[in-house]
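These are the residues of each chain, in order.
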Amino acid sequence: MFSSEFLLSMIVFLPALWAIPLIWFDGQNKESMRYWTVLGTALTFVLTLQLWYSFDLTQGGMQHLFRYEWIPTWNVNFSLGVDGISLPLVVLTGLVTLLAALASWSIDKHVKGYMMLFLLLETGMMGVFLSVDFFLFYVFWEVMLLPMYFLIGVWGGPRREYAAIKFFLYTLAGGVLMLIAMLMFYFNSAGPNGEGTFDLIELANIAAGKGTAVRFSESLQLAAFIMLFIGFAIKLPSFPFHTWLPDAHVEAPTPISMILAGVLLKMGGYGIIRIAMPLCPYGAQYAAYFLVALGVFSIIYGAFAAMAQTDFKRLVAYSSVSHMGYVLLGLAVWKITEGRTSGADYWAMGINAAMFQMIAHGISSTGMFFMVGVLYDRVHHRDLNKFGGIAQLMPEYSGLAAVIFFAGLGLPGLCGFVGEIFSVLSCWNFDPLLAIIAASGVILTAGYILWTMQRVYLGPEYKGPHPEGITPFTAREKTVAYTLVVLAVLLGVFPNYLFSRMDKSIGGLVQSMSHTYDTHHGAGASMETTQVR
Amino acid sequence: MDFKSLFVQFLSGSDTLQAATGRSLWLFLPELILCGSIVLMLLARLTSGDKLIPTHWFALIGSLSAFVVVMFQFWQLGINKEPYTVLFTGLAVHDMFSVFFRGFLLFFLVFVIALTVLSGIPDQEDAPDFYTLLCGAVVGMLVMSSANHLLMLFLGIEMASVPSYALTGFLKGRRQSSEASLKFVVYGAGAAGVMLFGISLLAGVTGTAEFGELGTRMQAIFSLGFGASHPVARIVLLAMLLIAVGFAFKLSLVPFHFWCPDAFQGASAEVAGFLSIASKAAAFALLLRFSLAVTSFQGGVIQGLSLMMGLGLGALAVVTATFGNLAAYSQTNAKRMLAYSTIAHAGYMLMAVSALLVLRSAIGGANSPTAEQMGRPVEGLLYYLAVYMFMNLGAFTIVALIRNQTFSEELDDYKGLVHQSPILAVCMAICLFSLVGLPPLGGFYGKFFIFAAVFDATKVHWFMWVVLAAGGLNTVLSLFYYLRVAKIMCIDVRPADARQVTLTAGSPSGMYLMLVTGMVLYLGIFINPLSRVAQHAAEAFL
């Protein structure tokens, strides 16, 4: 229907362009600005759906790929493209942003500024997922920072300033590391007289040693991988770098929490799959055991931390740390026996599971934050010990919330189950002990989620503050909730609908990386004396 | 010999000499135009002409026409492909690099004059003095950017400094302003004395003051023995150190930065903005030219000197950037905070010079840099300066505009400005985030280019990794205080008793501000045009 250039560029820039007319809206007419924003995000979502349906399942490489010169003196291109790895995330971003826009009715002060920043944020997120150029990726990555800072800092809760600056600092620190790694790749990709490149496909080819004169040395790959991993682990967030997340989530307004959990965390995982792993296969393999262990630790740690919370939103935030641990686990299960990749199929399954877990978490955690927000809008507190009996006052809401929370728990038949089970299964091939520990995390998850549901929804009556504020579910809220519930069930029952889109790209990635390792760094390396720069 | 006979001698030289003089005068025209407009301004005051035509018109038209001449020279230089021309028998040099800087300075002068007109800092009575000093300082900076002789180096620095002292103390009624000015003068005089001593040592030992000759003479001296072991080499190294003090003062590098916060706080925001950009730019032009001149001999022992200077400047850059950023954090006065930020930015820019010298020391060796790599540091520095001009000018403009309405420059009085005047707050946020170096704002690309150059230099010496790491770390550090200002303006609530601040988009000040911040955005999205010009200018040193 559209040309590739138009379709992808519009997905990225439509929200930002949509924000411009907001300047001339009447600042008092909040309703019209809200509808305008919803319309903009809805149009973007329609465009992402168009992308979804025009996607060719039989191809593993980049589709709709195009390049335009941006900074020729530095060989930087404006190039966008989509493959099986980014496609689900792009659609998820479109969906979550639309739902968050629908949940933005609770924002009442400075609506104009909010809506403009909100739309700008969407541009940044879409740009990150669609960039095929490292430089462009970095630019979009940082573009998200500013709107996010203000969205948390202006419209957040009581400790919003602290939370906002903490978020900003962590991400910026990761960004600087990424910048240095980016420079390393740029300069080392230059041949004797050639120019360096920022193109992710070319860089991955160089890393894979495919027909190019230059190669990335092992020490370079290791150093770059460490820097990139820290940068992405902050976003993911993984254990030592996760401390910004509970603060940011708790203080952010509900729609922003939805976007944070639903989309922003996925950027960490996406960055590892798209950049850190293909560009430094040696580094990824070198660190594999550590990464898996870190993932497992995050699962357990996040679950325990969640269990200890009394703030509803903080609990959901820590559950994100736990759930994103499965992503790290699934990504890293790259087993080497005697210098060769063994069980590459399990590894592919792990990455598939990690991707699925990201989408599933995008749906379930978005839903959980939304459900918390619905309650908070009514009773203005989030103290778990002061809830109870909500199911009797708001039966429809409580039913939907239960489905979402069960999806987060990983109940079979709902979306959370598929990602968790496959990542743990793939881990069994890697290291049974770690798999057992990871699997036991499910029990802890069940523990804190069931306990939470008991404390909030069950019980004879609501005794907390503002009982008069509890009003039935509005139609707008129902729209958001039903959409998420339906998706949670559909993905749980038909996981292959998603897997079929990712399979080819992930298979290609796994094959290329294991081949590279085996021939250049592993057992095959001794036979080959390649000149390594 | 009186003036008349000198003039006759000047005119009656041989034909070639006359032609050379004529050409030199043509290439020197921008400076002459500026001098002419200074004279006109003073004459207008004598004849009370400034009552009829406001003085700023003289300054504006003078600087604009000088800018047009420079642009014409730029275009001509592009056509002729002549690498460089020596002016006045070797006193100054005319090449792509000097043209870039002269264009930059004159363009900036136009902007500063426009700003002073909008904010009305010199009143009708003081205007001739103010614009005379302003244009006079710029003439000095133009001389600095094309100096090719130790004498011109000193002359340029002094011509730029002396009017700056007076400009700093221009708010005559204010005690703080006079104090700042005095501090600036004493400090400046001390630094100039030290530098002059260094210059005389250098000229005495090498027997020349021309930049073109310095390289070979230095090579001859250092081949006797490098380092402190040989007495003559020791004197030269001492001279370099003394000259470095003068540069460090002009660039406000730690530990010669003490004048900067006081001078900026005491001076009006317009003058502080002018000093923070123009004098830095000119000093960087001169530093580049000088340090490349003394290390111009290719190969041999002089490369050791190049490496030594590069690493020394690198260490100075690390200390300066770190100190500036840390000190800025606790400031409560907007101008003082921006002064420390200026110090930090001088540190970042110095990293480019350091990278260039380090790369230069490796020419012909195992890690011999390519021509492209050699051009990168200068290109990065020029891009950084160009963006820095807009972002810093934008920030100082906002300080001036707010001062005009609230009579305060304290950050506390900026609270919640976004609700009264969204344009001010948004433009300030853009300028500040560009100063942090966040894409897609121009500041990011300047920083990126410089970091890339430093990265290149890491192949030559491990210390450049320290410089690179310090650059990255400082970027994160600097976020704290820039973000604090953005937070104060956008997140805090405006106190009920605070003065009203209004600025509409349609007003001249609003349009000026949007133009300046618009340029920050423009340079962040369309990198190539300026990057290409910077590359051309960098070619002057290849």
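Since this is a predicted model, take the numbers as computed values, not measurements.

1. A word on the overall build of chain A
Argument step 1. Tallying secondary structure elements over chain A gives 21 helices and 4 strands in all.
Argument step 2. Scaling as 2.2 N^0.38, a compact globule of 533 residues should have a C-alpha radius of gyration of about 24 Å, and chain A matches this with 23 Å.
Argument step 3. C-alpha atoms of chain A, sized along the principal axes, occupy 75 × 55 × 40 Å.
Argument step 4. For chain A, buried positions account for 65% of its 533 residues.
Argument step 5. A sequence separation of at least 24 residues applies to 81% of the contacts in chain A between residues at least 6 apart.
Argument step 6. Roughly 17,300 Å² of accessible area belongs to chain A as shown, and the carbon and sulfur atoms make up 64% of that amount.

2. Remarks on the nonpolar core
Argument step 1. Phe134(A), Phe135(A), Phe274(B), Phe290(B) and Phe433(B) are the most contacted members of the largest nonpolar core, which totals 424 residues.
Argument step 2. Sort the elements by how many residues they give to this core and helix 16 (residues 371-406) of chain B lands first, with 21 residues.

3. Digging into the packing of helix 9 (residues 175-206) of chain B against helix 12 (residues 259-266) of chain B
Residue and element names in this part refer to chain B.
Argument step 1. Their axes nearest at 8 Å, the elements helix 9 and helix 12 cross at an angle of 145°. As helix 9 packs across helix 12, the resulting crossing turns out to be left-handed. Contact residues: helix 9 offers Gln176, Ser177, Ala180, Lys183, Phe184 and Tyr187, while helix 12 offers Trp259, Asp262, Ala263, Gln265 and Gly266.
Argument step 2. Here the contact of helix 9 with helix 12 is built from residues that sort into 5 nonpolar, 4 polar and 2 charged.

4. So, the side chain of Thr197(A)
All names here are of chain A.
Argument step 1. Among the structural elements, Thr197 can be located in the loop between helix 7 (160-188) and helix 8 (200-207).
Argument step 2. Using a relative accessible area of 5% as the deciding quantity, one classes Thr197 as buried.
Argument step 3. Of the polar contacts made by the side chain of Thr197, one reaches the backbone nitrogen of Asp199; its length is 3.0 Å.
Argument step 4. With residues up to four places along the chain from it excluded, the contact list for Thr197 reads Asn75, Tyr186, Ser189, Glu202 and Leu203.

5. Observations concerning the confidence of the model for chain A
Residue and element names in this part refer to chain A.
Argument step 1. Mean pLDDT for chain A: 85, with 96% of residues reaching 70 or above.
Argument step 2. Confidence, read as mean pLDDT per element, is least for strand 4 (residues 340-341) in chain A (76) and greatest for helix 5 (residues 134-143) (91).
Argument step 3. Below pLDDT 50 for its whole length, residues 527-533 participates in 13 contacts with residues either more than four positions away or in separate chains.

6. Some points on a nonpolar patch on the surface
Argument step 1. Side chains of Tyr53(A), Val486(A), Val489(A), Leu490(A), Val493(A), Phe494(A) and Tyr497(A) sit close together on the surface and give an oily, nonpolar patch of about 690 Å² of accessible area.
Argument step 2. Its place among the elements puts Tyr53(A) in helix 2 (residues 30-53).

7. Side note on the pattern of salt bridges
Residues and elements named next belong to chain B.
Argument step 1. Enumeration according to the criterion identifies 23 salt bridges over all chains in this entry.
Argument step 2. As a salt-bridge pair, Lys183 and Asp262 come within 2.5 Å of each other at their nearest N and O atoms. Placement of the pair is Lys183 in helix 9 and Asp262 in helix 12, with a sequence separation of 79 residues.
Argument step 3. A residue is classified by how much of its surface remains accessible, and Lys183, at 34% relative accessible area, is partly exposed.
Argument step 4. A residue is classified by how much of its surface remains accessible, and Asp262, at 22% relative accessible area, is partly exposed.
Argument step 5. Residues Glu213 and Arg217 are paired through a salt bridge, measuring 3.3 Å at the closest nitrogen-oxygen approach. One end of the pair is Glu213 and the other is Arg217, both in helix 10 (residues 211-222) and 4 residues apart, which spans about a single turn.
Argument step 6. For Arg217, a relative accessible area of 31% puts it in the partly exposed group.

8. What to know about the packing of aromatic side chains
Centre distance and the angle of the planes are the two values used to describe a pair of aromatic rings.
Residue and element names in this part refer to chain A.
Argument step 1. Counting across every chain of the model gives 80 aromatic pairs over all chains.
Argument step 2. Their ring planes at 50° and their centres at 6.2 Å tell us that Phe13 and Phe140 sit as a pair that is tilted. Taken together, the residues span a long stretch of sequence, with Phe13 in helix 1 (residues 4-19) and Phe140 in helix 5 at a distance of 127 residues.
Argument step 3. Overall, Phe13 belongs to the partly exposed group, its relative accessible area being 31%.
Argument step 4. Taking relative accessible area as the criterion, Phe140 reaches 6% and is therefore assigned buried.
Argument step 5. Between the NZ or CZ atom of Arg455 and the centre of the ring of Trp451, over which it lies, the distance is 3.7 Å.
Argument step 6. Sitting above the plane of the Tyr497 ring, Arg501 keeps its charged end 5.0 Å from the centroid.

9. Side note on empty space enclosed by the protein
Argument step 1. Applying the stated rule across the entire model yields 6 cavities of 30 Å³ or more.
Argument step 2. The calculated volume of the largest cavity comes to roughly 80 Å³.
Argument step 3. What lines the largest cavity is a set of 13 residues, and nearest its centre among them are Tyr138(A), Leu179(A), Gly437(B), Lys447(B) and Thr475(B).
Argument step 4. Only helix 5 and helix 7 of chain A together with helix 19 (442-457) and helix 20 (463-490) of chain B provide two or more residues apiece to the lining of the largest cavity.
Argument step 5. Top element by residues in the lining of the largest cavity is helix 19 of chain B. It accounts for 4 residues.
Argument step 6. Among the residues making up the lining of the largest cavity, the classes are represented as 8 nonpolar, 3 polar and 2 charged.

10. Re the packing of helix 15 (residues 334-360) of chain B against helix 19 of chain B
All names here are of chain B.
Argument step 1. Look at helix 15 against helix 19: their axes get within 9 Å of each other, and the N-to-C directions meet at 30°. Compared by their axis directions, helix 15 and helix 19 come out roughly parallel. Crossing hand, helix 15 versus helix 19: left-handed. Of helix 19, the residues touching helix 15 (which contributes Tyr348, Met349, Met351, Ala352, Ala355, Val358 and Leu359) are Lys447, Ile450, Phe451, Ala453, Val454, Asp456 and Ala457.
Argument step 2. Looking at the contact of helix 15 with helix 19 residue by residue, the class counts come to 12 nonpolar, no polar and 2 charged.

Conventions used here
Throughout this document, residue positions are counted from 1 along each chain, in the order its sequence is written. Going through the entries in the order they are written, you letter the chains from A and number the ligands from 1. Under the rules for a predicted model, residues below a pLDDT of 70 receive no local features and side-chain atom pairs below 80 are neither given nor counted, while totals for whole chains, interfaces and linings still include all residues. The basis for every side-chain value is the complete set of heavy atoms in the structure, and neither hydrogens nor water enter the calculation. Helix numbers and strand numbers start at the N terminus; a helix is a DSSP run of H or I with at least 4 residues, a strand a run of E with at least 2. Only C-alpha atoms enter the radius of gyration, while the globule expectation follows 2.2 Å times N to the 0.38, with N the number of residues. Only protein chains enter the area calculation, which uses a 1.4 Å probe; residues under 20% of their type maximum are buried, those over 50% are exposed, and those in between are partly exposed. By the convention used here, residues are in contact when the closest approach between their heavy atoms is within 4.5 Å. For the accessible areas, the method is Shrake-Rupley and the probe is 1.4 Å, while residue cover comes only from the protein chains on display. Definition used in this section: a nonpolar core is a set of buried Ala, Val, Leu, Ile, Met, Phe, Trp, Tyr and Cys residues joined via side-chain atoms within 4.5 Å. Convention adopted: a line fitted to C-alpha atoms gives each axis, helices being fitted over their contacting stretch, and angles between N-to-C directions are expressed from 0 to 180 degrees. Note: crossing handedness is left-handed where the near helix turns anticlockwise from the far helix by less than a right angle, and right-handed where it turns clockwise. Amino acid classes used here: Ala, Val, Leu, Ile, Met, Phe, Trp, Tyr, Cys and Pro are nonpolar; Asp, Glu, Lys and Arg are charged; the rest, including Gly, are polar. Between N or O atoms, a polar contact is any pair within 3.5 Å; within protein, one atom must be a potential hydrogen donor and the other a potential acceptor, and residues adjacent in sequence are included only when both atoms are from side chains. Residue-level confidence of the predictor is what pLDDT reports, using numbers from 0 through 100. Patch definition: residues above 30% relative accessible area lacking any salt bridge, with like charges linked at up to 9 Å and the nonpolar side chains Val, Leu, Ile, Met, Phe, Trp and Tyr linked at up to 5 Å. Each reported salt bridge corresponds to a side-chain nitrogen of Lys or Arg within 4 Å of a carboxyl oxygen of Asp or Glu. Think of it this way: a Phe, Tyr or Trp ring, Trp meaning its six-membered ring, pairs with another when their centres are within 6.5 Å, and the plane angle makes it stacked under 30 degrees, edge-to-face over 60, tilted otherwise. In this scheme, the term charge over a ring applies when either NZ of a lysine or CZ of an arginine sits within 6 Å of the ring centre and within 35 degrees of the ring normal. Cavities and pockets were defined on a 1 Å grid built from protein atoms only: a cavity is a group of points that admits a 1.4 Å probe but offers it no way out, a pocket is an open group of points flanked by protein on both sides within 12 Å along at least five of seven lines, and a lining residue is one with an atom within 4 Å of any such point. Grid points are joined across faces, edges and corners, and a volume is the space filled by probe spheres set on the points. Just so you know how the angles are binned, under 35 degrees is roughly parallel, over 145 roughly antiparallel, 65 to 115 roughly perpendicular, and the rest oblique.

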